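# Close look at the chain arrangement
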2 protein chains.
Amino acid sequence: MSNPAPVKHPVSDLVARRQSPYAIDGRPIPPEDLRSLFEAARWAASSYNEQPWRYIVATMDDPETFDRILQCLVEPNRAWAKEGYALALGAVRKQFERNGKPNAHAHHDLGAASATLALEAVNRGLVVHQMAGIFPDKARETFSLPDEFEVVTGLCIGHGADPKDAPEALLEKDQAKRSRRPLETIVFGGEWGKPAAMLSD
Amino acid sequence: MSNPAPVKHPVSDLVARRQSPYAIDGRPIPPEDLRSLFEAARWAASSYNEQPWRYIVATMDDPETFDRILQCLVEPNRAWAKEGYALALGAVRKQFERNGKPNAHAHHDLGAASATLALEAVNRGLVVHQMAGIFPDKARETFSLPDEFEVVTGLCIGHGADPKDAPEALLEKDQAKRSRRPLETIVFGGEWGKPAAMLSD
């Protein structure tokens, strides 16, 4: 399944090997590994160290909760994500706990925590495929979220499927050329839209 | 300066050693290393692979742009961030490029990219301290941001200061006990607010 990023500049193996595969298999993951994934998320940086992130998580060993999470995903995601050993929802606290003011960086910081979780998964030979395609209101209702919280993402956690076992259509999707915008179009110097000097130094 | 996270469950060295120090020194960073930092950000996951993240970056070798970025930080951040070798602003495209619809995950995905950048910095013996304390409107004006973009964060990039050279007040801040919410208060199972089963399996 491995299809490392065609990087232009060297990066850590964890970064280069992280991907969001569709072909995932549901072999059990030891709870110690799952704990380490969320522990990694826990140590992400956040605005005022608020740590606005919260996760709802279930493994296949708790089919009822697993299915309640699954039903919060849009149908096209359900089709492949049901194969993962664990499903999670990523949520945020919208206001700072210490003063009740809106936390403009809550989503940003959840993104940091979940990215850290996904890199820890690589470290353990696991894969994480995050999803924007969820039903936040359904998730709020299903899990009785307090008003100050909001569900933002879904996460499917599993082992990368062995190519010989994976459905062909998903494998093709995973083995397609991985692409990103050129660095020159996302890293600017003194003038917006013009590549930073350090890109060509 | 190193003050690794007191983790409860093992995590990758990159994750455990990442921190957001105040004591940063401005020794030059080879441009190859800076490129690898932004390359790592580039390969983060994003909703529909939109890659909404953009960065404005300047090193001390371009004092004019460095200062323009510095002036976009709130004063308490300017005081220590001016010591970093490079400063950056993290921005997002607010709408999807392909259909012009609002991208509800733009901030989330910038958070993922910047967290990946920060972990790549650890991989290179560098430190990144991200800041929510910036003036987004001033940044928009200073760098003539198009309407569809928004500046969200500041980033200070440098070497961790040698304890013997760092200002005592900053060192104390950095060497204080690092803390996070207990895992049981951020990772729930079928019932909101109740720890997930896998935490005690």
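We now turn to the structure provided with this report. (Residues numbered from 1 in each chain as written. Chains lettered and ligands numbered in written order. Predicted model: local features only at pLDDT ≥ 70, side-chain atom pairs only at ≥ 80, totals over all residues. Heavy atoms only, no water.)

## Points about the overall build of chain A
Counting its regular elements, chain A contains seven helices and six strands. For chain A, the C-alpha radius of gyration of 18 Å lies close to 17 Å, the compact-globule estimate for 201 residues. For chain A, the spread of C-alpha atoms along the principal axes amounts to about 55 × 55 × 30 Å. Across the 201 residues that make up chain A, the buried fraction comes to 58%. Within chain A, contacts between residues at least 6 apart in sequence are counted, and of these 73% link residues at least 24 apart. Counting 24 positive and 28 negative side-chain charges, chain A places the averaged centre of each group 4 Å from the other. (Helix = DSSP H or I, 4+ residues; strand = E, 2+ residues; numbered from the N terminus. Rg over C-alpha atoms; globule rule 2.2 N^0.38 Å. Buried < 20%, exposed > 50% of the residue type's maximum accessible area, 1.4 Å probe, protein only. Contact = heavy atoms within 4.5 Å. Lys, Arg positive; Asp, Glu negative; His and termini not counted. Charge placed at Lys NZ, Arg CZ, Asp CG, Glu CD.)

## Digging into the pattern of salt bridges
Within the structure shown, the criterion is met by 24 salt bridges over all chains. The partner of Arg181(B) in a salt bridge is Glu97(A), with the nearest N and O atoms 2.9 Å apart. A residue pair is termed interchain when its members come from two chains, as with Arg181(B) in the loop between helix 7 (168-175) and strand 6 (187-188) and Glu97(A) in the loop between strand 3 (86-93) and helix 5 (106-123). By relative accessible area, which is 17% here, Arg181(B) ends up buried. Glu50(B) serves as the salt-bridge partner of Arg181(A), at 3.4 Å between the closest nitrogen and oxygen. With Arg181(A) in the loop between helix 7 (168-175) and strand 6 (187-188) and Glu50(B) in the loop between helix 2 (31-42) and strand 2 (53-59), this residue pair bridges two chains. Taking relative accessible area as the criterion, Glu50(B) reaches 4% and is therefore assigned buried. (Salt bridge = Lys/Arg side-chain N within 4 Å of Asp/Glu carboxyl O.)

## Comments concerning the pairing of strand 2 of chain B
A large share of strand 2 of chain B lies buried, amounting to seven of its seven residues. What you see with strand 2 of chain B is no split at all: Trp53(B), Tyr55(B), Val57(B) and Thr59(B) on one side and Arg54(B), Ile56(B) and Ala58(B) on the other are buried throughout. Where strand 6 of chain A lies against strand 2 of chain B, two bridges are found, and the strand directions are parallel. Of the residues in strand 2 of chain B, the one forming a bridge with Val187(A) is Tyr55(B). (Pairing = 2+ DSSP bridges.)

## Thoughts on the packing of aromatic side chains
All names here are of chain A. Counted by the stated rule, this structure contains ten aromatic pairs over all chains. With centroids separated by 5.3 Å and ring planes inclined at 80°, the aromatic side chains of Tyr 22 and Trp 80 adopt a geometry described as edge-to-face. Of this pair, Tyr 22 sits in the loop between helix 1 (13-17) and strand 1 (24-25) while Trp 80 sits in helix 4 (residues 75-81); the two residues are 58 residues apart in sequence, bridging distant segments of the chain. By relative accessible area, Trp 80 is classed as buried at 5%. Aromatic pair Phe 188 and Trp 192: ring centres 4.8 Å apart, planes at 70°, arrangement edge-to-face. (Phe/Tyr/Trp six-rings, centres within 6.5 Å; stacked < 30°, edge-to-face > 60°.)

## Points about the nonpolar core
Residues Phe38(A), Tyr55(A), Val187(A), Phe38(B), Tyr55(B) and Val187(B) are the most contacted members of the largest nonpolar core, which totals 64 residues. Setting aside residues up to four positions removed in sequence, Phe38(B) forms contacts with Leu183(A), Val187(A), Met198(A), Tyr55(B), Val57(B), Ala88(B), Leu117(B) and Ile157(B). (Core = buried A, V, L, I, M, F, W, Y, C linked by side-chain atoms within 4.5 Å.)

## Let's talk about the side chain of Gln51(B)
Considering the arrangement of structural elements, one finds Gln51(B) in the loop between helix 2 and strand 2. Residue contacts for Gln51(B): discarding those within four places in its chain leaves Ser179(A), Arg180(A), Arg181(A) and Ser46(B).

## Brief notes about the packing of helix 5 of chain A against helix 5 (residues 106-123) of chain B
Two numbers describe how helix 5 of chain A lies on helix 5 of chain B: the axes approach to 6 Å, and their chain directions differ by 50°. Taken as axis vectors, helix 5 of chain A and helix 5 of chain B run oblique relative to one another. Seen from above, helix 5 of chain A lies across helix 5 of chain B with right-handed handedness. In this structure, helix 5 of chain A uses His107(A), His108(A), Leu110(A), Gly111(A), Ala112(A), Ser114(A), Ala115(A), Thr116(A) and Leu119(A) to contact helix 5 of chain B, whose residues at the interface are His107(B), His108(B), Leu110(B), Gly111(B), Ala112(B), Ser114(B), Ala115(B), Thr116(B) and Leu119(B). Taken together, the residues of the contact of helix 5 of chain A with helix 5 of chain B break down into eight nonpolar, ten polar and no charged. (Axes fitted to C-alpha atoms, helices over the stretch in contact; angles between N-to-C directions. Parallel < 35°, antiparallel > 145°, perpendicular 65-115°, else oblique. Left-handed = near helix turned anticlockwise from the far one by under 90°. Nonpolar A, V, L, I, M, F, W, Y, C, P; charged D, E, K, R; others polar.)

## Details of the environment of Phe38(B)
Among the structural elements, Phe38(B) can be located in helix 2. Residues Phe38(B) and Thr116(B), 78 residues apart in the sequence, show an inter-C-alpha distance of 8.9 Å.

## Quick word on empty space enclosed by the protein
Applying the stated rule across the entire model yields two cavities of 30 Å³ or more. Those elements that place two or more of their residues in the lining of the largest cavity are helix 5 and strand 4 (127-131) of chain A together with helix 5 of chain B. Its residues assigned to classes, the lining of the largest cavity comprises eight nonpolar, three polar and one charged. The computed volume of the second largest cavity comes to approximately 50 Å³. Lining the second largest cavity are Ala44(A), Ala45(A), Ala112(A), Thr116(A), Arg18(B), Ala115(B), Ala118(B), Leu119(B) and Gln130(B). For the lining of the second largest cavity, the elements supplying multiple residues, two or more each, are helix 5 of chain A together with helix 5 of chain B. (1 Å grid on protein atoms, 1.4 Å probe; cavity = no way out; pocket = protein on both sides within 12 Å on 5 of 7 lines; lining within 4 Å. Points joined across faces, edges and corners; volume = space filled by probe spheres on them.)

## With respect to the packing of helix 2 (residues 31-42) of chain A against helix 5 of chain A
Residue and element names in this part refer to chain A. The interhelical angle for the contact between helix 2 and helix 5, taken along N-to-C directions, is 140°, at an axis separation of 7 Å. With respect to the hand of their crossing, helix 2 and helix 5 are arranged in right-handed fashion. Two secondary-structure elements touch here, helix 2 through Ser 36, Leu 37, Phe 38, Ala 40 and Ala 41 and helix 5 through Ala 113, Thr 116, Leu 117, Glu 120 and Ala 121. Its residues placed into classes, the contact of helix 2 with helix 5 shows seven nonpolar, two polar and one charged.

## Here we look at helix 2 of chain A
End to end, helix 2 of chain A covers 16 Å across twelve residues, agreeing with the expected 16 Å (1.5 Å per residue, within 8%). For helix 2 of chain A, the tally of buried residues reaches ten of twelve residues, placing the bulk of the element in the interior. Those residues of helix 2 of chain A not exposed but buried are Asp33(A), Leu34(A), Arg35(A), Ser36(A), Leu37(A), Phe38(A), Glu39(A), Ala40(A), Ala41(A) and Arg42(A). Along its buried surface, helix 2 of chain A packs onto strand 2 (53-59), strand 3, helix 5 and strand 5 (149-160) of chain A together with helix 1 (13-17) and strand 6 of chain B. (Expected span 1.5 Å × (residues − 1).)

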